[in-house]
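Each chain, written out:
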Amino acid sequence: MRSILSGAMMLLATLPSFAQIEWLSTEYDFGTFPEAGGPRSGEVRFINRGKQPTMINNVRLTCGCTSEAHTEGEIAPGDTARVRFTYNPIGRPGRFEKSIKVYTGVDNDLTTVKMKGTVIGTPQTLSTEYPFEVGPLRLSGKSVDFGKVRYGSSRHQFIVVYNQSSSPIHPVWKADEGLDVNISTPDIPPGELATISIYFNSREQSEMGPVAYTVAISPDVSMPDQVFAIPIRGEIQPDTEHLTDEQIANGPRAEVQPRKVDLGIVNLSRTKHSETFPIDFVIANEGKSTLNIMRIFGKDVPVRVRRFPSSIRPGKTGKAETTINLRKIPAGPFNFKIEVMTDDPIHPVTVLSVCGEIE
């Protein structure tokens, strides 16, 4: 077959390029169909209106979700050729748009065929891809963590949502100040997807360290009582990226003393600290310039900061006084961190480990 096609192409190459293709359509709409129904097929056709034979040289797909078959060999003048394609919806709920590139004739002319449709997902797929739901709206995630964010920079995160109902919905939300929230499609048709973008700008924050927000989303303006709360987290760190080597070498250096505190076995029913336990430690500046302390915090356990020095001169130390609520920690061994955020250009966060066991 390859030798026949090769010979046909050589013959066509010796003829003048009089092929004139008339595509009857270069778009195909599958409409809305259920994922459970399995793959769907469609086709587009063209007629050779020229005076010489032509042929389909190649068909290229843009994704692995589609397969194709097309008319092989020469297409005589007046004959019709077909490009047939099959879309596999399994695991792909929502609207889709795909392209197929068709190359024809001696000059290898390119025609792009577009296909589209909307897949109504099965309960099994939706529970896997969009496991969190509020009424007719399903979400791909239930929280957003921006991680460590250098002060002055911004971050984008996205949550994909799916309308599992038979009617259009218009999601609404309320976001804490400090976040910018938008949606790609204000009105989501049945069975279709939209993307919620959450934008975080560190310059709008008043302090370093952990930040926590909430975006409360409802599936539609008519459903104010159905709300899904999305917690948003992040940690802002000082911007040391533009410091020179000399500034870094002559900068402050933060150390905590001790680096670890072992509380041993704690019986809360017997200790006089019924709710809180004091943790005091020393912050030392081993650098060459003044150390500025921005924040002391705990991520894994509530830490209340009673007192700490705002700045420490080179070679000096300062005392930090904190308390922790041990009743917020499950019984058994524990190991958590108290973090000290400073303008140390090398290690902006210095960690004190606290361990022990609660009976």
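Residues numbered from 1 in each chain as written. Predicted model: local features only at pLDDT ≥ 70, side-chain atom pairs only at ≥ 80, totals over all residues. Heavy atoms only, no water.

## Thoughts on the sheet that holds strand S3 (residues 40-48)
Pairing in this open sheet of four strands is antiparallel, and the strands run S1-S3-S7-S5 from one edge to the other. On the outer flanks of this sheet lie strand S1 (21-23) and strand S5 (66-70), each paired with one strand and no other. Going across the sheet, the axis of each strand differs from the next one's by a mean of 25°, ignoring polarity. Of the strand pairs in this sheet, S1 and S3 are connected by three bridges, and their pairing is antiparallel. (Pairing = 2+ DSSP bridges. Helix = DSSP H or I, 4+ residues; strand = E, 2+ residues; numbered from the N terminus. Axes fitted to C-alpha atoms, helices over the stretch in contact; angles between N-to-C directions.)

## Some thoughts on the nonpolar core
Among the nonpolar cores identified, the biggest contains 29 residues, and Leu-139, Val-161, Leu-179, Ile-198, Phe-200, Ile-230 and Ile-232 are the most heavily contacted of them. Listed by contribution, the elements that provide at least two residues to this core are strand S11 (137-139), strand S12 (144-150), strand S13 (154-163), strand S15 (179-183), strand S16 (193-201), strand S17 (209-218) and strand S18 (228-237). Not counting the four nearest positions on each side in its chain, Ile-198 is found in contact with Val-144, Phe-146, Arg-155, His-156, Gln-157, Leu-179, Asp-180, Val-181 and Ile-232. Listed in part, the 27 residues of the second largest apolar core include Ile-279, Phe-281, Ile-312 and Leu-326. (Core = buried A, V, L, I, M, F, W, Y, C linked by side-chain atoms within 4.5 Å. Buried < 20%, exposed > 50% of the residue type's maximum accessible area, 1.4 Å probe, protein only. Contact = heavy atoms within 4.5 Å.)

## Notes on the environment of Ile-100
Here Ile-100 lies in strand S8 (residues 94-104). We classify Ile-100 as buried; its relative accessible area is 1%. Distance in space between the C-alpha atoms of Ile-100 and Val-113 is 5.0 Å, their sequence separation being 13 residues. Every residue in contact with Ile-100, bar those within four places of it in the chain, is listed here: Val-59, Arg-60, Leu-61, Phe-85, Thr-111, Thr-112, Val-113 and Met-115.

## Notes on the sheet that holds strand S21 (residues 277-285)
A sheet is described by the order of its strands in space; here four strands give the open sequence S19-S21-S25-S23, paired in antiparallel fashion. Strand pairing shows two members of the sheet lacking a second neighbour, strand S19 (254-257) and strand S23 (303-307), which therefore form its edges. Recorded for the sheet is a direction-independent mean angle of 35° between the axes of neighbouring strands.

## Quick notes on a negative patch on the surface
A cluster of acidic residues, Asp-176, Glu-177, Asp-180 and Glu-204, forms a negative patch on the protein surface. For Glu-177, the position within the fold is in the loop between strand S14 (172-175) and S15. Residue classification places Glu-177 among the exposed residues on the basis of a relative accessible area of 78%. (Patch = residues over 30% accessible without salt bridge, like charges linked within 9 Å, V, L, I, M, F, W, Y side chains within 5 Å. Areas by Shrake-Rupley, 256 points an atom, 1.4 Å probe, with all protein chains shown as cover. Salt bridge = Lys/Arg side-chain N within 4 Å of Asp/Glu carboxyl O. Lys, Arg positive; Asp, Glu negative; His and termini not counted. Charge placed at Lys NZ, Arg CZ, Asp CG, Glu CD.)

## Some details on the confidence of the model for the protein chain
Summary statistics for the protein chain give a mean pLDDT of 88 and a share of 93% for residues scoring 70 or more. Of all secondary-structure elements in the protein chain, the lowest mean pLDDT belongs to helix H1 (residues 2-13), at 49, while strand S24 (residues 311-312) reaches the highest, 96. Predicted confidence is poor over residues 11-18, with pLDDT under 50, and the contacts of this stretch with residues over four places away or in other chains come to 12 contacts. (pLDDT = per-residue confidence, 0-100.)

## Details of the pairing of S18
Along a regular strand, successive side chains alternate from one face of the sheet to the other. With seven of 10 residues buried, S18 is to be regarded as a mostly interior element. Pairing of S12 with S18 involves five bridges; the strand directions are parallel. In the strand pairing of S18, Arg-150 is matched with Gln-237.

## Quick word on the pattern of salt bridges
Opposite charge on two side chains allows them to pair when their charged atoms are near. Enumeration over the complete set of coordinates arrives at 11 salt bridges. Glu-321 serves as the salt-bridge partner of Arg-306, at 4.0 Å between the closest nitrogen and oxygen. Pair noted here: Arg-306 is in strand S23 and Glu-321 is in strand S25 (residues 317-324), with a separation of 15 residues, a long-range link. Given the relative accessible area of 41%, Arg-306 is considered partly exposed. The salt bridge involving Glu-321 is made with Arg-307; its shortest N-O contact spans 3.9 Å. Placement of Glu-321 in strand S25 and of Arg-307 in strand S23 is noted, with a sequence separation of 14 residues between them. A single salt-bridge network, built from bridges that share partners, covers Asp-280, Arg-306, Arg-307 and Glu-321.

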